[in-house]
Amino acid sequence: MSKKILVFSIIAIIIIGFVIIYFTGQNAADLPIITDTGGAPHSFAIYTEDGDVLYTKNIDKIRKSILNNIVIEAGSFTVTNPIGIIEAPPSKSITDIKQYVLSSIDKENKVLIIYIDGLGYELYERAMEEGNIPYMASLDKGIKALTVYPPITDVAFASMVTGETPKYTGIHNREKRPLLAPTIFDMAYEKGKTSKVIEGNIRILTCDVETILNIDENKNGTIDDEIYRSAMTELKAPPNILLVHFHSYDDMGHKYGPSSKEALEQLRILDSYVESMVKDYTGDIIITSDHGMHDVEDGGNHGDFLSLDLFIPIILKNHK
Ligand SMILES: [Zn+2]
Ligand SMILES: [Zn+2]
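Quick caveat, the model's predicted, so the values are computed rather than measured.

Reading the values: rules and limits
- Residues numbered from 1 in each chain as written.
- Chains lettered and ligands numbered in written order.
- Predicted model: local features only at pLDDT ≥ 70, side-chain atom pairs only at ≥ 80, totals over all residues.
- Pairing = 2+ DSSP bridges.
- Helix = DSSP H or I, 4+ residues; strand = E, 2+ residues; numbered from the N terminus.
- Core = buried A, V, L, I, M, F, W, Y, C linked by C-beta atoms within 7 Å.
- Buried ≥ 20, exposed ≤ 12 C-beta atoms within 10 Å, placed from the backbone.
- Domains from an automatic or database assignment.
- Contact = placed C-beta atoms within 7 Å.

Draft legend 1. Representation of the sheet that holds strand β1 (residues 33-34). Read across the open sheet, the four strands follow the order β1-β7-β2-β3; overall the sheet is mixed. Taken across any chain shown, the strands that pair with only one partner, and hence form the sheet edges, are β1 and β3 (53-56). Across four bridges, strand β2 (residues 44-47) lies against strand β7 (residues 84-87) in antiparallel orientation. When the sheet's bridge partners are listed, Tyr47 is paired in β7 with Gly84.

Draft legend 2. Looking closely at the pairing of strand β5 (residues 70-74). Pairing geometry for strand β4 (residues 61-64) and β5, over four bridges, is antiparallel. When the bridges of β5 are listed, Lys64 appears paired with Ile70. Here β4 folds back onto β5 in antiparallel fashion, the turn holding five residues, of which Asn68 has a positive phi close to 70 degrees. Relative to strand β6 (residues 77-80), β5 is paired through four bridges, and the arrangement is antiparallel.

Draft legend 3. Representation of the nonpolar core in the model. Ranked by internal contacts, the top residues of the largest apolar core, which has 79 residues, are Ile114 and Val244. Among the elements that take part in this core, helix α10 (residues 261-279) stands out by supplying eight residues, more than any other. In this structure, this core is formed jointly by two domains, domain 1 (24-87) and domain 2 (92-317), each of which donates at least three residues. Not counting residues within four places of it along the chain, the set of residues in contact with Val244 comprises Ile114, Tyr115, Ile198, Ile227 and Ala231.

Such coordinate-based values are descriptive only and should not be taken to indicate function.
Following this line, the structure appears as structure tokens:
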């Protein structure tokens, strides 16, 4: 091969390489930006590719790099290929739940965490307005909070119990991996306190906590009635931290849509469970969720960078 052909080939390969990078790279216009969320103005939450959420007061520039990556320049740091931006984000996040729990524990209060899967903030607000959750509506209004990305159960649940973003929990998807960060249950144990989790038929997180699993004994299509029964039994002598995870609203939401008659009927049932569970409970109570849900053609789904998926309520009761 002559030298000329070799040089020509190398140049051609480089050009083709750049063309491929250019056309497969992200377009700045594709970067999802959620605005008008009612949080503090002139602030931003940037969701990074490695699973973190970074807050900044200002974004100087969003540009494309020579390799066609999107780069956000935000004062003291830059982020390459972000997942999305939330403008004026709520000041609270799912990672703040850990602090509420620890402060209760430090005050020698017991804590009951009622985790209603799939109840995003907008769905919670709509359900209150439409009278579907009369008991929860009678409590102090839930704090609007961010969840992590992707907004799916395993990822958000890991952040809820560790106070860390996926970058530090190591949970970025539904693979069952051990958590990289200590949980509220570990921290409580260190302080000589007990914890229990009540769930459906599988353990969602791989972490060290006593977990009561349940099956659909009466075969009515949901395990939440059995979970509720287990919870009522536990509440007779509750551990320091009791986390009860209900999944039926999310299940019905996937199947029929989060605002369907079927899903809302289930939510009403959960609201009545919540009422009986908290009635005689004297400790601190946190009612929250992991993510929301949006409508799709044949039901509902979540996992996208959408406000419906990314905002959750944190309802506090008894916290002084
Ligand atoms: Zn979930
Ligand atoms: Zn789901």
